[in-house]
Amino acid sequence: IFRENSELAKKLSEEIGKLAPKVAQKNGYDRIKIMNFCGSHEWTTTHYGLRALMPHEVELIPGPGCPVCVTPSSDIENVINLAMEGYRIYTFGDVFKLPTVNHYKKNEIGSLAEAKSLGADVRIVYSFADAIEDAKKDGKESIFFGVGFETTIPSYAVLFSRNKVPKNLMFYSSTKLTAPAAEYAVKLHKSSNHTPVSGVIGPGHVSTIIGAISWNFFPKEYHIPVVVSGFEPIDILTGVLIILKDLYNGNIKYTNLEYRRVAKLEGNIYAQKEISETFDVIDAIWRGIGVIPKSGMDLKEKYKEYNARLLISNNKPWDYDLPPGCKCNEVTLGLAYPTDCPLFMKACTPARPWGPCMVSMEGACAVWARFGSSQ
Ligand code: SF4
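Attention in this report is confined to the structure presented alongside it. (Residues numbered from 1 in each chain as written. Predicted model: local features only at pLDDT ≥ 70, side-chain atom pairs only at ≥ 80, totals over all residues. Heavy atoms only, no water.)

A word on the site of the ligand
Phase 1: Taken together, the residues surrounding the ligand are Cys326, Lys327, Cys328, Cys341, Leu343, Phe344, Cys348, Trp354, Gly355, Cys357, Met358 and Cys365.
Phase 2: Among the residues making up the shell around the ligand, the classes are represented as ten nonpolar, one polar and one charged. (Near = heavy atom within 4 Å. Nonpolar A, V, L, I, M, F, W, Y, C, P; charged D, E, K, R; others polar.)

A short note on the packing of aromatic side chains
Phase 1: Within the structure shown, the criterion is met by 22 aromatic pairs.
Phase 2: Measuring from ring centre to ring centre gives 5.3 Å for Phe128 and Phe171, while their planes differ by 65°; the resulting arrangement is edge-to-face. Remark: Phe171 occurs in strand S6 (residues 169–176) and Phe128 occurs in helix H6 (residues 128–138); sequence separation between them is 43 residues.
Phase 3: We classify Phe171 as buried; its relative accessible area is 0%.
Phase 4: Aromatic side chains Trp215 and Phe217 sit 6.2 Å apart centroid to centroid with 35° between the ring planes, which places their arrangement in the tilted category. The same class applies to Trp215 as to Phe217, namely buried.
Phase 5: Feature note: the residues Phe92, Phe128, Phe144, Tyr156, Phe160, Phe171, Phe279, Tyr303 and Tyr306 constitute an aromatic cluster, connected by ring pairs.
Phase 6: The cationic tip of Lys26 hangs over the ring face of Tyr248; the distance from NZ or CZ to the ring centre is 5.0 Å. (Phe/Tyr/Trp six-rings, centres within 6.5 Å; stacked < 30°, edge-to-face > 60°. Helix = DSSP H or I, 4+ residues; strand = E, 2+ residues; numbered from the N terminus. Buried < 20%, exposed > 50% of the residue type's maximum accessible area, 1.4 Å probe, protein only. Lys NZ or Arg CZ within 6 Å of the ring centre and 35° of its normal.)

Regarding the nonpolar core
Phase 1: One finds Ile89, Phe128, Phe144, Phe145, Leu169, Trp215 and Phe218 to be the most contacted residues of the largest nonpolar core, which totals 99 residues.
Phase 2: With residues up to four places along the chain from it excluded, the contact list for Leu169 reads Tyr90, Phe128, Ala131, Ile132, Ala135, Ser142, Ile143, Phe144 and Tyr306.
Phase 3: With 25 residues, the next largest nonpolar core counts Leu12, Val23, Ile34 and Ile236 among its residues. (Core = buried A, V, L, I, M, F, W, Y, C linked by side-chain atoms within 4.5 Å. Contact = heavy atoms within 4.5 Å.)

Details of the side chain of Asn256
Phase 1: With respect to the helices and strands, the residue Asn256 is situated in the loop between strand S9 (254–255) and helix H12 (269–278).
Phase 2: Since its relative accessible area comes to 11%, Asn256 is described here as buried.
Phase 3: Among the polar contacts listed, one links the side chain of Asn256 to the backbone oxygen of Ala263, at a separation of 2.9 Å.
Phase 4: If we ignore the near neighbours within four places in the chain, the residues touching Asn256 are Ala212, Val228, Ala263, Lys264 and Leu265. (Polar contact = N/O pair within 3.5 Å; in protein donor to acceptor, adjacent residues only side chain to side chain.)

Observations regarding the state of the cysteines
Phase 1: Under the criterion given, the structure shown has two disulfides.
Phase 2: Each sulfur of the disulfide joining Cys66 and Cys69 lies 2.3 Å from the other. Disulfide Cys66-Cys69: torsion about the S-S bond near 85°, hence right-handed. A single burial state applies to Cys66 and to Cys69, both of which are buried. (Disulfide = S-S within 2.5 Å.)

A look at the sheet that holds S6
Phase 1: Spatially, S4-S3-S5-S6-S11-S10 is the arrangement adopted by the six strands of the open sheet, whose pairing is mixed. Whereas interior strands pair on both sides, the edge strands pair on one side only; in this sheet they are strand S4 (122–124) and strand S10 (279–286). The mean inter-strand angle of the sheet, taken between neighbouring strand axes irrespective of direction, is 25°.
Phase 2: Pairing between strand S5 (residues 142–148) and S6: seven bridges, direction parallel. Across the sheet, Gly146 pairs through a bridge with Ser173, a residue of S6.
Phase 3: Each of S5, S6, S10 and strand S11 (290–299) is contacted by helix H7 (residues 153–161), which is oriented at about 150° to S6, the strand it contacts most.
Phase 4: Strands in contact with helix H8 (residues 178–191) are S6, S10 and S11; relative to S11, the strand with the most contacts, it is inclined by about 175°. (Pairing = 2+ DSSP bridges. Axes fitted to C-alpha atoms, helices over the stretch in contact; angles between N-to-C directions.)

Written out as structure tokens, the structure is:
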């Protein structure tokens, strides 16, 4: 698609190149920092070398867009303990490999993969629906370890609301909401010594569910333009150009022109209803970061018989939960690039991930490891 649109890509990058110095001068910026909030945006940006097309004023930084990367070690440890107690665990392939904070310690189980190697019944599935089908076969007491953002949560909710979940299958929710984390990251940049974020590439997939309007708080409260963007390189280049134009014209707004082919202003009302009838919003732990208020979801009281979190009696308060030397918290919040981590492609590689951002293809470290930084 990029090759087919190479003329358009060239035109967009030339316009970006012309406008960026004017925006920087007009607004008194050293750098125009534009943050994405979706692992797929980071994938496109890196895979297609979009950073190499940016003028030196524009910096494209990854944000907290990978649900696997931010799954707290305590949740993985809890699920490992349940696996070792005899529950069968169902989860996704990248969660299976996700290392806990104990990963580097002797005599500790560092991942669900290690638990399986020690005899636990841990099964990889593509979806909650697949886990349901498998759990029904023999009636064994089982738990689905559910991670994901608003794009994945409806697929869980709809199976509860349609009474499809068998009694022998519980659900451990480590699901997360993107907007509170996006706001957290932007606030952090504003308050720290770092250059504040000047524009946001809004997550297209998530916006199909929660609606483009959900990002209106960025222009309204933080004076930052947002463009809800698709996942082709042209989408992202267009998004960057719209942000620069907004900054130059002083017309700070959210834009849903670019990805209107999928994301509606109000989102998917049906999915929103399914989510709100099945899950409650809770304060959630983000790995390496801590608790972000109202940024996660857990099953409602009416589904308590399914709630595997209620099996955990010793819920510990959050403690720093990254392996030593891992900078995933900084990478996730856009405060560091993967290459700033001394372990990148040394002790930590896609084949042997040391930290959580190297596991999933939505993690910035895994993306940079495969495709280079394109800076
Ligand atoms: Fe963590 Fe590995 Fe990324 Fe370093 S390279 S921040 S250890 S995931």
